[in-house]
Amino acid sequence: DKNELDLAIADWTSTIEINAEYAQAYQKRAFGYLKKQEYDKAWDDVRAVKKLGYGVDTNFLEQLKGASGRQE
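Residues numbered from 1 in each chain as written. Predicted model: local features only at pLDDT ≥ 70, side-chain atom pairs only at ≥ 80, totals over all residues. Heavy atoms only, no water.

Enquirer: Is there a simple way to explain the packing of helix α2 (residues 23-35) against helix α4 (residues 58-68) in this structure?
Expert: Two quantities define a packed helix pair, namely the angle between the axes and the distance from one axis to the other. The contact between α2 and α4 brings their axes to 11 Å, and the two run at 30°. Once α2 is placed against α4, the crossing between them reads as left-handed. Between α2 and α4, the residues in contact are Gln27, Ala30, Phe31 and Leu34 and Phe60, Gln63, Leu64 and Ala67, respectively. Tallied by class, the residues present in the contact of α2 with α4 amount to 6 nonpolar, 2 polar and no charged. (Axes fitted to C-alpha atoms, helices over the stretch in contact; angles between N-to-C directions. Helix = DSSP H or I, 4+ residues; strand = E, 2+ residues; numbered from the N terminus. Left-handed = near helix turned anticlockwise from the far one by under 90°. Contact = heavy atoms within 4.5 Å. Nonpolar A, V, L, I, M, F, W, Y, C, P; charged D, E, K, R; others polar.)

Enquirer: How do you make sense of unusual backbone geometry when you look at a structure like this?
Expert: Residues apart from glycine generally show negative phi values, whereas peptide bonds are mostly found in trans. Phi at Gln37 takes a positive value of approximately 65°, unusual for a residue other than glycine. Mapping Gln37 onto the fold places it in the loop between α2 and α3 (39-51). Positive phi outside glycine occurs at Glu72, with the angle close to 155°. If you trace the backbone, Glu72 turns up in the segment after α4. For Glu72, a relative accessible area of 45% corresponds to the partly exposed category. (Buried < 20%, exposed > 50% of the residue type's maximum accessible area, 1.4 Å probe, protein only.)

In structure tokens, the structure reads:
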């Protein structure tokens with residue numbers, strides 16, 4: 001539900017504040033943003049993962065592309 005998504009996003013945001021190079025935190029938070037239909041924020045986190053030199057889960061990217069109507 002929405003409240004759980006908000007809490008999860010807050011937790012991942014706290015994790016990122018502690019360790020800004022933890023790519024998995026950005027990936028997890030992006031998934032929360034996708035579920036909340038906050039696509040711009042999800043894409044920001046995708047870019048952060050890539051900037052850190054990591055790949056983004058392909059299934060997630062396809063979901064985000066389809067939901068947002070964007071390629072990046």
